[in-house]
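# Structure assessment
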Amino acid sequence: EDQVTQSPEALRLQEGESSSLNCSYTVSGLRGLFWYRQDPGKGPEFLFTLYSAGEEKEKERLKATLTKKESFLHITAPKPEDSATYLCAVQAMIGGNKLTFGTGTQLKVEL
Amino acid sequence: NAGVMQNPRHLVRRRGQEARLRCSPMKGHSHVYWYRQLPEEGLKFMVYLQKENIIDESGMPKERFSAEFPKEGPSILRIQQVVRGDSAAYFCASSPGHNYEQYFGPGTRLTVT
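Residues numbered from 1 in each chain as written. Chains lettered and ligands numbered in written order. Predicted model: local features only at pLDDT ≥ 70, side-chain atom pairs only at ≥ 80, totals over all residues. Heavy atoms only, no water.

## Description of the side chain of Gln6 of chain B
Residue and element names in this part refer to chain B. For Gln6, the position within the fold is in strand 1 (residues 5–7). Residue Gln6 is classed as buried on the basis of its relative accessible area, which comes to 6%. A polar contact of 3.0 Å, which involves the side chain of Gln6, links it to the backbone nitrogen of Cys92. Within the structure, the side chain of Gln6 is placed 2.9 Å from the backbone nitrogen of Gly107, a separation counted as a polar contact. Those residues in contact with Gln6 that sit more than four places away from it in its chain are Arg22, Cys23, Trp34, Tyr90, Phe91, Cys92, Gly105, Pro106, Gly107 and Thr108. (Helix = DSSP H or I, 4+ residues; strand = E, 2+ residues; numbered from the N terminus. Buried < 20%, exposed > 50% of the residue type's maximum accessible area, 1.4 Å probe, protein only. Polar contact = N/O pair within 3.5 Å; in protein donor to acceptor, adjacent residues only side chain to side chain. Contact = heavy atoms within 4.5 Å.)

## Observations concerning the sheet that holds strand 8 (residues 75–79) of chain B
Residues and elements named next belong to chain B. Strand order in this open sheet of 4 strands is 1-3-8-7, and the pairing throughout is antiparallel. Two strands lie at the open edges of the sheet, namely strand 1 and strand 7 (65–68), each paired on one side alone. Recorded for the sheet is a direction-independent mean angle of 15° between the axes of neighbouring strands. For strand 3 (residues 19–24) and strand 8, the ladder comprises 5 bridges, and the chain directions are antiparallel. Directly across from Arg22, in strand 8, lies its bridge partner Ile76. (Pairing = 2+ DSSP bridges. Axes fitted to C-alpha atoms, helices over the stretch in contact; angles between N-to-C directions.)

Okay, structure coming up:
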């Protein structure tokens, strides 16, 4: 069974204090690893897809990286508006199109 | 370009009633997915549909839950005889095809009293 574990569960940063979120996964053949951002009371917002080990993608202050067993979401010089829950999900080669999600990292960035 | 639309945004039902949740995918998307998010838990896959076809329903409870995506109109997730344990946020996502990113709607928050 595919599994995704995210750590830490919660993270509090000062504005400008860079850090990384971790996503460990086990999957029977990875088709893709996805990062989403979810604000309270809203649906997940798509951020990145990574397909193979060594791949990296960037968007503003966020950079996602992928190895064979985990992915990192690096946040550089965060701002209060980066506060949200960040979700990681995997999609397997076999088993249809479904996403298997972790429980997320709740990030709070303070002034 | 409008995103995925879900209605109602909030739904309150008494135990034993039926709940109908609607999802209109993004323009140009023909693949729809339903996920459930229970309090303090992650998003769980329920069902994957294309127009008039259920492709994967491996995450659907065996009883009381059904889904459809007709040729015309929105996708519907139907829960019969709701129980308190069905209280959750239900999210719909859509994609333009197989193996594409899934874009999520704002969700329907179901409360069973």
